[in-house]
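Read off the chains here:
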Amino acid sequence: DIQMTQSPSTLSASVGDRVTITCRASQSISSWLAWYQQKPGKAPNLVISKASSLESGVPSRFSGSGSGTEFTLTISGLQPDDFATYYCQKYNSYPLIFGGGTKVEIK
Amino acid sequence: EVQLVESGGGLVQPGGSLRLSCAASGFTFSSNWMSWVRQAPGKGLEWVANIKQDGSEKYYVESVKGRFTISRDNAKSSMYLQMDSLRAEDTAVYYCARTRIATAIFDCWGQGTLVTVSS
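Residues numbered from 1 in each chain as written. Chains lettered and ligands numbered in written order. Predicted model: local features only at pLDDT ≥ 70, side-chain atom pairs only at ≥ 80, totals over all residues. Heavy atoms only, no water.

Enquirer: Got a minute to help me understand the nonpolar core in this structure?
Expert: A general feature of soluble globular proteins is that nonpolar side chains tend to end up buried together. By size, the foremost hydrophobic cluster in this structure holds 44 residues, and its most contacted members are Trp36(B) and Tyr94(B). Listed in part, the 26 residues of the second largest apolar core include Leu11(A), Ile21(A), Val58(A) and Val104(A). (Core = buried A, V, L, I, M, F, W, Y, C linked by side-chain atoms within 4.5 Å. Buried < 20%, exposed > 50% of the residue type's maximum accessible area, 1.4 Å probe, protein only.)

Dropping the structure here:
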């Protein structure tokens, strides 16, 4: 099975910072990658699909890039509402796999 | 408004069974694949299973094959997860998720139901 590795596992940042989260696939998944945001005690929320397509209603400070095996989620100008855990997910084939998550916490 | 509401979670002994339900509203249920995703306490997300619109195709993560069965009733806009031979490692919050048409991403989630497997 393809493995999905996220880094870092925890990221400490301040409001207004630009933060980047990386997700690496053990084999090429083309652009079949999604990103989710999850806040404590809540269900995940889809942020980006197909590596770089921003979901409706998601602020434009979120962006995604990459293809093949390396992907990034960038938040330009971190806001208080953005402190959460972020997961990548590959969906090119079964099994559907999530990365281990990156917790963005307040510095 | 799209809504997914899970029910059926609880405490069960190892080796026991439990049936989860997901009631959907606010969209044409029969148009979408549907999925179950779980999250063990303090851990990350794990896809468990999904089912095609008409129930003719089902996929499972390896760790639940032969123990869990996903099903749906389009007339009732509902999806189910029959969980047998439960193990401690199945303890998790189980989320029902709508799968976006022509993809395998989860674009709407329920609030989750907690399953605890313990003696």
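Still more ground to cover, so stick around.
Enquirer: Got a minute to help me understand the pattern of salt bridges in this structure?
Expert: Oppositely charged side chains are able to pair whenever their charged atoms sit close together. Applying the stated criterion to the full structure yields 11 salt bridges over all chains. With a closest N to O distance of 2.7 Å, Arg61(A) and Asp82(A) form a salt bridge. Taken together, the residues span a long stretch of sequence, with Arg61(A) in the loop between strand 6 (53-54) and strand 7 (62-67) and Asp82(A) in the loop between strand 8 (70-76) and strand 9 (85-90) at a distance of 21 residues. With relative accessibility at 21%, the residue Arg61(A) sits in the partly exposed group. Measuring nitrogen to oxygen at the nearest pair gives 3.4 Å for the salt bridge that ties Arg100(B) to Asp107(B). The class of Arg100(B) is partly exposed, set by a relative accessible area of 24%. Among the ionic contacts, a cluster of salt bridges with common partners joins Glu55(A), Arg98(B), Arg100(B) and Asp107(B). (Salt bridge = Lys/Arg side-chain N within 4 Å of Asp/Glu carboxyl O. Helix = DSSP H or I, 4+ residues; strand = E, 2+ residues; numbered from the N terminus.)

Enquirer: So what exactly am I meant to see when it comes to the sheet that holds strand 3 (residues 18-25) of chain B here?
Expert: Two orientations exist for strands paired in a sheet by backbone hydrogen bonds: parallel and antiparallel. All names here are of chain B. Ordered in space as 1-3-8-7, the 4 strands form an open sheet in which the pairing is antiparallel. A strand with exactly one partner marks an edge of an open sheet, and here the two such strands are strand 1 (3-7) and strand 7 (68-73). Going across the sheet, the axis of each strand differs from the next one's by a mean of 15°, ignoring polarity. In the sheet, strand 3 pairs with strand 8 (residues 78-83) via 6 bridges, with the strands oriented antiparallel. Along strand 8, the bridge assignment pairs Leu-20 with Leu-81. (Pairing = 2+ DSSP bridges. Axes fitted to C-alpha atoms, helices over the stretch in contact; angles between N-to-C directions.)

Enquirer: In this structure, what is going on with the interface of chain A and chain B? I would like to understand it.
Expert: A common measure of how large an interface is: the accessible area buried when the components associate. Listed by partner, the interface residues are 16 residues for chain A and 19 residues for chain B. Carbon and sulfur atoms make up 67% of the area that chain A and chain B hide from each other, which totals about 1500 Å². Among the residues chain A hides against chain B, the three largest losses belong to Tyr94(A), Leu96(A) and Phe98(A). Together they make up 37% of the total. Across the chain A-chain B interface, the total number found is 1 salt bridge. Note that Arg100(B) is salt-bridged to Glu55(A), the shortest N-O span being 2.6 Å. Taken together, the elements giving at least two residues each to the side of chain A that touches chain B come down to strand 4 (33-38), strand 5 (45-49) and strand 9 of chain A. Per-element accounting of the side of chain A that touches chain B gives the leading share, 3 residues, to strand 4 of chain A. Its residues placed into classes, the side of chain A that touches chain B shows 11 nonpolar, 3 polar and 2 charged. (Contact = heavy atoms within 4.5 Å. Buried area = accessible area lost by both parts, 1.4 Å probe. Nonpolar A, V, L, I, M, F, W, Y, C, P; charged D, E, K, R; others polar.)

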